[in-house]
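One-letter residues, chain by chain:
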Amino acid sequence: MDIAELTRRILDRRPTPQSPLRIMQAGHPSLRHETIAVQDRLDPQQLGELVDAMVITMREAPGVGLAAPQVGLPLQLVVVEDRFAAEPGEDADDDLHERRPLPLRALLSPRLDPLGDEDVYAYEGCLSVDGWQSIVPRSRRVRLRAQELSPDGTLREVDEEHIGWTARILQHEVDHLHTTLCHDRMVPRSYIDADYMSHYEDLSEAIRRLGLTGDITRLGPGEVVLRREPSSAQAD
């Protein structure tokens, strides 16, 4: 089936244009299917309609990102948005995971390169593995290159660096475009029901209670960042 025809079929399954799309769960082949570039596959009107539908779906889930394979389309397209706001009186600079607000963006054919030699360990969930979390190490800093779809339908080239939680979101979504789920990258034995998260807010508790092994055991109480061993360090 032509990709434009498949896109039309998926969009038309919604009862209304304001309805979310179905999010595919782990085991659905679309999550393990190689993706193709969006450019020249969809006309501007259909691309805009798809992005709008993905944004509605992401927000209703709710999530901070969504990739086209998660709605059944093998396209190199992601939407991201993090409406995070620090609690009143809370200093955002004290956040271990460096979480900052991320405005809504639609990215085509995004590419990421890790920068520096630091990995951040944190629990991660996925809308396609509903209700579960695992500890996933991610590069603290990344370089993003992509085409961004603007609200007026134009495309612009982006080449920029990101750090902290925004870098994690981007790595998670771009992984979807390469057939990888976050739990494929998890620290072994760290896979838990999300309802147990309160027991493991400090990763040292997860290490102790779950019997985790490997590099994560080098983290001290309250720590989440590790420098990679010299043999695997990435150059800026």
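These lines cover the structure that appears in this document, whether it is placed above or below. (Residues numbered from 1 in each chain as written. Predicted model: local features only at pLDDT ≥ 70, side-chain atom pairs only at ≥ 80, totals over all residues. Heavy atoms only, no water.)

1. What to know about the overall build of the protein chain
Scanning the protein chain for helices and strands turns up four helices and seven strands. The linear arrangement of helices and strands in the protein chain, starting from the amino end, is α-α-β-β-β-β-β-α-β-α-β. Computed over the C-alpha atoms, the radius of gyration of the protein chain is 18 Å, within 12% of the 18 Å expected from 2.2 N^0.38 for a compact globule of 236 residues. When its C-alpha atoms are laid out on the principal axes, the protein chain stretches across 50 × 40 × 35 Å. The proportion of buried residues among the 236 residues of the protein chain is 47%. When contacts within the protein chain are restricted to residue pairs at least 6 apart in sequence, long-range pairs at least 24 apart make up 69% of them. (Helix = DSSP H or I, 4+ residues; strand = E, 2+ residues; numbered from the N terminus. Rg over C-alpha atoms; globule rule 2.2 N^0.38 Å. Buried < 20%, exposed > 50% of the residue type's maximum accessible area, 1.4 Å probe, protein only. Contact = heavy atoms within 4.5 Å.)

2. Notes on the environment of Leu-31
Relative to the helices and strands, Leu-31 is located in the loop between helix H1 (3-12) and helix H2 (44-60). Judged by its relative accessible area of 2%, Leu-31 falls in the buried class. Counting along the chain gives 36 residues from Leu-31 to Ala-67, while the straight-line C-alpha distance between them is 9.6 Å. Not counting chain neighbours up to four residues away, the residues in contact with Leu-31 comprise Met-24, Gln-25, Ala-26, Pro-69, Gln-70, Ser-128, His-176, Thr-179 and Leu-181.

3. Here we look at the side chain of Glu-118
By the secondary structure assignment, Glu-118 is in strand E3 (residues 102-125). For Glu-118, a relative accessible area of 18% corresponds to the buried category. Beyond its immediate chain neighbours, meaning those up to four positions away, Glu-118 contacts Arg-138, Ser-139, Arg-140, Val-225, Leu-226, Arg-227 and Arg-228.

4. Some details on the nonpolar core
Ranked by internal contacts, the top residues of the largest apolar core, which has 25 residues, are Met-54 and Leu-77. If you list the elements that add at least two residues to this core, you get H1, H2, strand E2 (77-82) and E3. Not counting residues up to four positions away in its chain, the partners in contact with Met-54 are Leu-21, Leu-66, Ala-67, Ala-68, Val-71, Leu-77, Val-78 and Val-79. One finds Leu-102, Leu-107, Leu-144 and Leu-177 within the second-largest nonpolar core, a separate group that totals 17 residues. (Core = buried A, V, L, I, M, F, W, Y, C linked by side-chain atoms within 4.5 Å.)

5. Re the side chain of Gln-46
Along the polypeptide, Gln-46 turns up in helix H2. A polar atom in the side chain of Gln-46 sits 3.1 Å from the backbone oxygen of Ala-4. If near-sequence neighbours (up to four positions away) are discounted, Gln-46 is found in contact with Ala-4, Thr-7, Arg-8 and Leu-11. (Polar contact = N/O pair within 3.5 Å; in protein donor to acceptor, adjacent residues only side chain to side chain.)

6. Considerations on the pairing of E3
Across the 24 residues of E3, 17 count as buried, placing the element largely inside the fold. Looking at chain direction, E2 and E3 are connected through five bridges and run antiparallel. Within E3, the residue paired with Leu-77 across the bridge is Leu-108. Here E3 runs beside strand E4 (residues 132-149); their pairing, made up of 14 bridges, is antiparallel. (Pairing = 2+ DSSP bridges.)

7. Regarding the packing of H1 against H2
Running from N to C, H1 and H2 point in directions that differ by 40°, and their axes come no closer than 11 Å. Classified by the interaxial angle, the pair formed by H1 and H2 is oblique. As for the relative orientation of H1 and H2, their crossing is left-handed in sense. Two secondary-structure elements touch here, H1 through Ala-4, Thr-7, Arg-8 and Leu-11 and H2 through Gln-46, Glu-49, Leu-50 and Ala-53. Looking at the contact of H1 with H2, its residues break down into four nonpolar, two polar and two charged. (Axes fitted to C-alpha atoms, helices over the stretch in contact; angles between N-to-C directions. Parallel < 35°, antiparallel > 145°, perpendicular 65-115°, else oblique. Left-handed = near helix turned anticlockwise from the far one by under 90°. Nonpolar A, V, L, I, M, F, W, Y, C, P; charged D, E, K, R; others polar.)

8. So, the environment of Val-174
Following the sequence through the fold, Val-174 ends up in helix H3 (residues 164-176). In this structure the C-alpha to C-alpha distance between Val-174 and Gly-65, which are 109 residues apart in sequence, comes to 10.0 Å.

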